[in-house]
Amino acid sequence: EIVGVTSSICDNEIYGIYGLAVKKDFRCKGIGKEIIKQQLKMCRDKKLKLAFLQTEEGYYPADIYRKLGFKDVCIEYYYKKIYKERKEWKWKKIN
């Protein structure tokens, strides 16, 4: 049974980790942490020196990510789609 997933993308320099999800009944058991550790191993295997991921402050994995060595780089920049006009999206920064 698959209980956790994530995805990644990389180029010659950077390894990006996206969309970590663990089934509700399996959370808080270290599964997410192990998934991220496996992603970091794949990053090292590719001889890449920079990995990144995104999360929201206050979201409980943020502390786990920090314990795994991730540092806060950008803490803002949330945008919300407000309307569409002539096939062009307009964006508004949310404070």
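Above this text you will find the structure in question.
Residues numbered from 1 in each chain as written. Predicted model: local features only at pLDDT ≥ 70, side-chain atom pairs only at ≥ 80, totals over all residues. Heavy atoms only, no water.

Moving on, we come to the packing of aromatic side chains. Within this structure, the stated rule accounts for 2 aromatic pairs. For the pair Y18 and F52, a centre-to-centre distance of 5.8 Å together with 90° between the ring planes defines the contact as edge-to-face. Taken together, the positions of Y18 in strand 2 (residues 14-22) and F52 in strand 3 (residues 50-53) put the pair 34 residues apart, joining distant regions of the chain. Since its relative accessible area comes to 31%, Y18 is described here as partly exposed. (Phe/Tyr/Trp six-rings, centres within 6.5 Å; stacked < 30°, edge-to-face > 60°. Helix = DSSP H or I, 4+ residues; strand = E, 2+ residues; numbered from the N terminus. Buried < 20%, exposed > 50% of the residue type's maximum accessible area, 1.4 Å probe, protein only.)

Now for the pattern of salt bridges. For the coordinates displayed, the defined rule picks out 5 salt bridges. In this structure, E1 and K23 form a salt bridge, with 3.1 Å as the shortest nitrogen-oxygen distance. Linking E1 in the segment before strand 1 (4-10) with K23 in the loop between strand 2 and helix 1 (31-45), this pair joins segments that are 22 residues apart in sequence. E1 sits in the exposed class, given a relative accessible area of 75%. Here K23 falls in the partly exposed class, since its relative accessible area comes to 39%. Note that D63 is salt-bridged to R66, the shortest N-O span being 3.0 Å. Taken together, the residues span about one helical turn, with D63 and R66 both in helix 2 (residues 61-67) at a distance of 3 residues. Residue D63 is classed as partly exposed on the basis of its relative accessible area of 47%. A relative accessible area of 27% means that R66 is categorised as partly exposed. (Salt bridge = Lys/Arg side-chain N within 4 Å of Asp/Glu carboxyl O.)

Grouped together as the largest cluster of nonpolar side chains are 9 residues: Y15, I17, I36, L40, C43, L48, L53, Y65 and F70. Those elements that provide at least two residues to this core are strand 2 and helix 1. Considering each element in turn, this core owes the most residues, 3 residues, to helix 1. When sequence neighbours within four positions are dropped, the list of residues in contact with I17 reads T6, S7, S8, I36, Q39, L40, F52, L53, Q54 and F70. (Core = buried A, V, L, I, M, F, W, Y, C linked by side-chain atoms within 4.5 Å. Contact = heavy atoms within 4.5 Å.)

What follows deals with the sheet that holds strand 3. Reading across the sheet, the 3 strands line up as 1-2-3 and stay open at both edges, with mixed pairing between neighbours. Strands with a single pairing partner mark the edges of an open sheet, and in this sheet they are strand 1 and strand 3. The mean inter-strand angle of the sheet, taken between neighbouring strand axes irrespective of direction, is 25°. Two elements, strand 2 and strand 3, share 4 bridges in a ladder whose sense is parallel. Bridge pairing in strand 3 links I17 to L53. Where helix 1 meets the sheet, its contacts fall on strand 1, strand 2 and strand 3, and the angle it forms with strand 2 comes to roughly 160°. (Pairing = 2+ DSSP bridges. Axes fitted to C-alpha atoms, helices over the stretch in contact; angles between N-to-C directions.)

Geometric values such as these leave the question of function open.
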